[in-house]
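Observations on the model geometry
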Amino acid sequence: MKENFFQSNLLSRKEAANYLQVTEGTLAVWLSTKRYNLPVVKIGRLAKYRKTDLDTFIASRVINMVE
């Protein structure tokens, strides 16, 4: 049961790219250059992303514009 919980909360690079509306290559570059502090779960050669981490990343990119 616990195993399924962790697997169901992990997104592939393709799924994470679709969620963020960027390309898979962009995520790969961000990981290799450490451009952003976006946590990645490495399973062998696979890079997996937790949806909660993606949501946190999106929230951290919000810019408040004051007029």
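**Overview of the overall build of the protein**
- The helix and strand tally for the protein stands at 4 helices and 3 strands.
- Ordering the α and β elements of the protein from the N terminus gives α-β-α-α-β-β-α.
- Across the 67 residues of the protein, 19% fall into the buried class.
- Sequence separation of at least 24 residues holds for 48% of the intrachain contacts in the protein that already meet a minimum separation of 6.
- On the protein, roughly 5,600 Å² of surface is accessible, and the fraction owed to carbon and sulfur atoms is 55%.

**Quick word on the environment of threonine 56**
- Mapped onto the elements, threonine 56 comes out in helix α4 (residues 51-60).
- Considering only alpha carbons, one finds threonine 56 and leucine 38, 18 residues apart in sequence, at a separation of 8.9 Å.

**A word on the pattern of salt bridges**
- Considering all chains together, one arrives at 2 salt bridges under this definition.
- Between aspartate 53 and arginine 50 there is a salt bridge; the shortest N-O distance is 2.7 Å.
- Overall, the relative accessible area of 15% leaves aspartate 53 in the buried class.
- Among the salt bridges present, the one from lysine 51 reaches aspartate 55, with a minimum N-O distance of 3.2 Å.

**What to know about the packing of aromatic side chains**
- If you walk through the whole model with that rule in mind, you get 3 aromatic pairs.
- Each ring, one from tryptophan 30 and one from tyrosine 36, has its centre 4.7 Å from the other, and the planes form 80°; the classification is edge-to-face.
- Both rings, one in tryptophan 30 and one in phenylalanine 57, keep their centres 5.6 Å apart while their planes meet at 50°; by these two values the pair is tilted. Within this pair, whereas tryptophan 30 is found in helix α3 (residues 24-33), its partner phenylalanine 57 is found in helix α4, the two being separated by 27 residues in sequence.
- Following the ring pairs from residue to residue traces out a cluster consisting of Trp30, Tyr36 and Phe57.

**Some remarks on the side chain of aspartate 53**
- With respect to the element layout, aspartate 53 can be found in helix α4.
- Side-chain polar atoms of aspartate 53 contact the side chain of arginine 50, separated by 2.7 Å.
- Residues contacting aspartate 53, with those up to four places away along its chain left out, are Leu38 and Pro39.

Rules of the game
All residue numbers here refer to positions counted from 1 along the written sequence of the relevant chain. Given that this is a predicted model, residues contribute local features only at a pLDDT of at least 70 and side-chain atom pairs are listed and counted only at 80 or more, while totals for whole chains, interfaces and linings are drawn from all residues. Excluding hydrogens and water, the side-chain figures rest on all heavy atoms present in the structure. Here a strand is any run of E in DSSP of at least two residues, a helix any run of H or I of at least four, and the numbering for each starts at the N terminus. Each residue gets one of three labels from its accessible area relative to the maximum for its type: buried under 20%, exposed over 50%, partly exposed in between, using a 1.4 Å probe on protein chains only. When checking whether two residues touch, look at their non-hydrogen atoms; a contact exists if any pair is within 4.5 Å. Per-residue and other accessible areas follow the Shrake-Rupley method at a 1.4 Å probe size, with only the shown protein chains counted as cover for residues. Any carboxyl oxygen of Asp or Glu that lies within 4 Å of a side-chain nitrogen of Lys or Arg is treated as forming a salt bridge with it. Within 6.5 Å between ring centres, the rings of Phe, Tyr and Trp (the latter by its six-membered ring) count as paired, and their orientation is classed by plane angle as stacked under 30 degrees, edge-to-face over 60, tilted in between. Polar contact is defined as a pair of N or O atoms within 3.5 Å, subject to the rule that within protein one atom must be able to donate a hydrogen and the other to accept it, and that residues adjacent in sequence are counted only when both atoms are side-chain atoms.

Distances and angles like these do not, on their own, reveal function.
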